[in-house]
Amino acid sequence: MTSSPEMRDVDTSKAHSARMYDYYLGGTNHFAVDEEAAAKVARVWPAVMTCAQENRAYMHRVTRVLVREHGIRQWLDIGTGIPTEPNLHQVAQSLAPEARIVYVDHDPLVLTYAQTLVRSTPEGRIACVLADFNDPEAILNAPEVEQVLDLSEPVALSLNALLHFVTDAQDPYGTLNQLLDALPSGSVLTLSHSTADFDPATWEKIVQIYYASGTPFRVRDKDEVTRFFDGLDLVEPGVEVVHRWRPDAGEAAEGRKERTDAEISLWGGVGIKR
Ligand SMILES: C[S@@+](CC[C@H](N)C(=O)[O-])C[C@H]1O[C@@H](n2cnc3c(N)ncnc32)[C@H](O)[C@@H]1O
């Protein structure tokens, strides 16, 4: 891991999405300003904690499906978040110890924690890169990407709970295409994305809280999320609310509480590049 941000690079004067998400997940790696904004979201939408947990569970399931059914051994995970166990590499490497993962985030705090907490299996490799999704060339040209990933072999591009932080003016569809263009046939796009489809009134308030705390937020409806998969072959069940994207049989057997779509409010999907 070579990018070495310092704690002094971390802006604690305003809330940050990674640290707010850490609060939703019950973590302790956030500051008062993050807690204040995240608590406001939790007041208007108490389900946010459930949503965050279901988003992680979805990421775990997708990772297992990609290893077992699609032979994926490499990930480019953008918008990684503060490490929360089990992390993507732990799920992938538990099934395929040789798996290689490059984690990318634009928050120096995420990188600081990742460099301290994330450890690869001896057979696999992990690198962490401080970079912005909106600068795909910086990501693709990062030395860590070249050192860890073999771009002649399929790569899973993982954008979980990231693209709702990218506004239309920033052209997320164009940026995504630039990233996918660099990956070979058989590569995969996997993502989750916040939506107001099931509870527009609450989401209007949530979006306002994010904007007021300095973070632009763009919820997208199902058609807009499905557009991210244009030109890719969607894996069954297609774009689905994440808790209903191939739930584990064991989860139902354990009597896990049935969630409503409004409680989750995240579309997810997996598409394969032809
Ligand atoms: C809600 S967290 C999601 C974490 C993890 N992917 C997950 O789904 O559990 C969003 C992450 O995206 C990062 N992020 C937001 N905008 C970004 C951007 N433009 N470039 C890179 N990372 C970004 C934030 O710093 C944060 O760590």
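Residues numbered from 1 in each chain as written. Predicted model: local features only at pLDDT ≥ 70, side-chain atom pairs only at ≥ 80, totals over all residues.

1. What about the overall build of the chain?
Our working definition: Secondary structure elements follow DSSP: runs of H or I of four or more residues count as helices, runs of E of two or more count as strands, with numbering from the N terminus. Both definitions apply: the radius of gyration is a C-alpha atom measure, and the globule rule equals 2.2 Å times residues to the power 0.38. In this scheme the burial state of a residue depends on its C-beta neighbours within 10 Å: 20 or more other such atoms mean buried, 12 or fewer mean exposed, and anything in between means partly exposed; the C-beta positions come from the backbone. By the criterion used throughout, residues are in contact when their C-beta atoms, derived from the backbone, lie within 7 Å.
Each helix and strand in the chain was counted, giving twelve helices and eight strands. At 17 Å, the chain has a C-alpha radius of gyration in line with the 19 Å of a compact globule built from 274 residues. Dimensions of the chain, computed from C-alpha atoms along their principal axes, come out at roughly 45 × 45 × 40 Å. Scored against the burial criterion, the 274 residues of the chain give a buried share of 46%. Long-range pairs, those at least 24 residues apart, make up 78% of the contacts in the chain with a sequence separation of at least 6.

2. Regarding the site of the ligand
Here is the rule: Being near a molecule or strand means, for a residue, that its backbone-placed C-beta atom lies within 6 Å of it.
Surrounding the ligand, one finds 21 residues, the nearest of these being Ala18, Gly79, Gly81, His106 and Asn160. Breaking the shell around the ligand down by element, the ones donating at least two residues are α1 (17-24) and α3 (48-70).

3. Observations concerning the nonpolar core
Put simply, the rule is: For this analysis, nonpolar core means a set of buried Ala, Val, Leu, Ile, Met, Phe, Trp, Tyr and Cys residues linked through C-beta atoms within 7 Å.
Core analysis: the largest hydrophobic core is formed by 78 residues, its most contacted members being Leu76, Ile101, Val102, Val104, Val129 and Leu157. The element that contributes the greatest number of residues to this core is α3, accounting for seven residues. For Ile101, the contacting residues outside a window of four places in its chain are Trp75, Asp77, Leu88, His89, Ala92 and Ile126.

4. Focus: the environment of Gln170
Turning to its location among the elements, Gln170 is positioned in the loop between β4 (156-160) and α8 (172-181). Here the alpha-carbon distance between Gln170 and Asn134, two residues 36 residues apart in the chain, equals 7.1 Å.

5. Section: the environment of Glu153
Tracing the backbone shows Glu153 in the loop between α7 (143-148) and β4. In this structure the C-alpha to C-alpha distance between Glu153 and Ile72, which are 81 residues apart in sequence, comes to 9.0 Å. Excluding residues that lie within four positions of it along the chain, Glu153 makes contacts with Gln74 and Pro184.

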